[in-house]
Amino acid sequence: KNAGLIVLLLVVVTCPFIGGRGLLRGHDRGLFGTIFLTVLGSLLLIAAGLCAATLLVLEFLLISDNGKLDNPFPLALSGGLAVTALLAGAGI
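Here we summarise the structure given alongside this text.

Conventions and cut-offs
Residues numbered from 1 in each chain as written. Predicted model: local features only at pLDDT ≥ 70, side-chain atom pairs only at ≥ 80, totals over all residues. Heavy atoms only, no water. Helix = DSSP H or I, 4+ residues; strand = E, 2+ residues; numbered from the N terminus. Buried < 20%, exposed > 50% of the residue type's maximum accessible area, 1.4 Å probe, protein only. Contact = heavy atoms within 4.5 Å. Core = buried A, V, L, I, M, F, W, Y, C linked by side-chain atoms within 4.5 Å. Expected span 1.5 Å × (residues − 1). Arc of directions from axis to C-beta. Axes fitted to C-alpha atoms, helices over the stretch in contact; angles between N-to-C directions. Parallel < 35°, antiparallel > 145°, perpendicular 65-115°, else oblique. Left-handed = near helix turned anticlockwise from the far one by under 90°. Patch = residues over 30% accessible without salt bridge, like charges linked within 9 Å, V, L, I, M, F, W, Y side chains within 5 Å. Areas by Shrake-Rupley, 256 points an atom, 1.4 Å probe, with all protein chains shown as cover. Salt bridge = Lys/Arg side-chain N within 4 Å of Asp/Glu carboxyl O.

### Topic: the overall build of the protein chain
Regarding its fold elements, the protein chain presents 3 helices and 0 strands. In sequence order, the protein chain lays out its α and β elements as α-α-α. Dimensions of the protein chain, computed from C-alpha atoms along their principal axes, come out at roughly 55 × 25 × 20 Å. The buried share of the protein chain, reckoned over its 92 residues, is 27%. Residue pairs in contact within the protein chain that sit at least 24 positions apart in sequence constitute 64% of those at least 6 positions apart.

Structural data, given as structure tokens:
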């Protein structure tokens, strides 16, 4: 279980950063290569980072709240959005 959390943390840190960096760097791949490889690939990396960050924050909330939160998912989603935006911005 700890190995899964470590992998999830690595995905949270690396995917949005590499996705933001890929959006900014110039590529000479032609029109379709730029659209599919650069834009869609980078956006998918950022989306994967968002999902992983939301899962990580949700797991942290479920472990630490002792059943006090009725619905922790909105709080986890907003925390995941903040972490993803920060790391994608650092990549840009």
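There's more to say after this.
### Observations regarding the nonpolar core
Nonpolar side chains in soluble globular proteins tend to end up buried together. Judged by nonpolar contacts, Leu8, Val12, Ala52, Ala53 and Leu87 together constitute the single largest core of 5 residues. Only α1 (2-24) and α2 (30-64) provide two or more residues apiece to this core.

### Regarding helix α3 (residues 73-91)
In a regular helix each residue adds 1.5 Å, so 19 residues correspond to 27 Å; α3 covers 26 Å between its end C-alpha atoms and thus fits that length. Along α3, the positions that sit buried rather than exposed are Ala76, Gly80, Thr84, Leu87, Ala88 and Gly91. Along the axis of α3, the buried positions cluster into a sector of 100°, meaning they face one direction only. Residues Ala85, Leu86 and Ala90 are exposed on α3 and point more than 90 degrees away from its buried face.

### Notes on the packing of α1 against α3
Contact geometry of α1 with α3 gives a least axis separation of 7 Å together with a crossing angle of 45°. Considered as vectors, α1 and α3 are oriented oblique to each other. Between α1 and α3 lies a crossing whose hand is right-handed. From α1, Val12, Val13, Pro16, Phe17, Gly20 and Arg21 reach across to α3, where they touch Val83, Thr84, Leu87, Ala88, Ala90 and Gly91.

### Details of the environment of threonine 84
Residue position: threonine 84 is located in helix α3. Accessibility expressed as a relative area gives 5% for threonine 84, which makes it buried. Considered as a pair, threonine 84 and alanine 48 are 36 residues apart in the sequence and their alpha carbons are 9.5 Å apart. Contacts of threonine 84, omitting those with residues within four sequence positions, involve Pro16, Ile46, Gly49, Leu50 and Ala53.

### Comments concerning a nonpolar patch on the surface
Judged by side-chain polarity, Leu23, Leu31, Phe32, Ile35, Phe36, Leu37, Val39, Leu40 and Leu43 come together as a nonpolar surface patch covering roughly 870 Å² of accessible area. Looking at the secondary structure, you find leucine 43 in helix α2.

### A few points about the environment of threonine 34
Structurally, threonine 34 can be placed in helix α2. When its relative accessible area of 28% is taken as the criterion, threonine 34 is described as partly exposed. Separated by 11 residues in the primary sequence, threonine 34 and leucine 23 place their C-alpha atoms 9.9 Å from one another.

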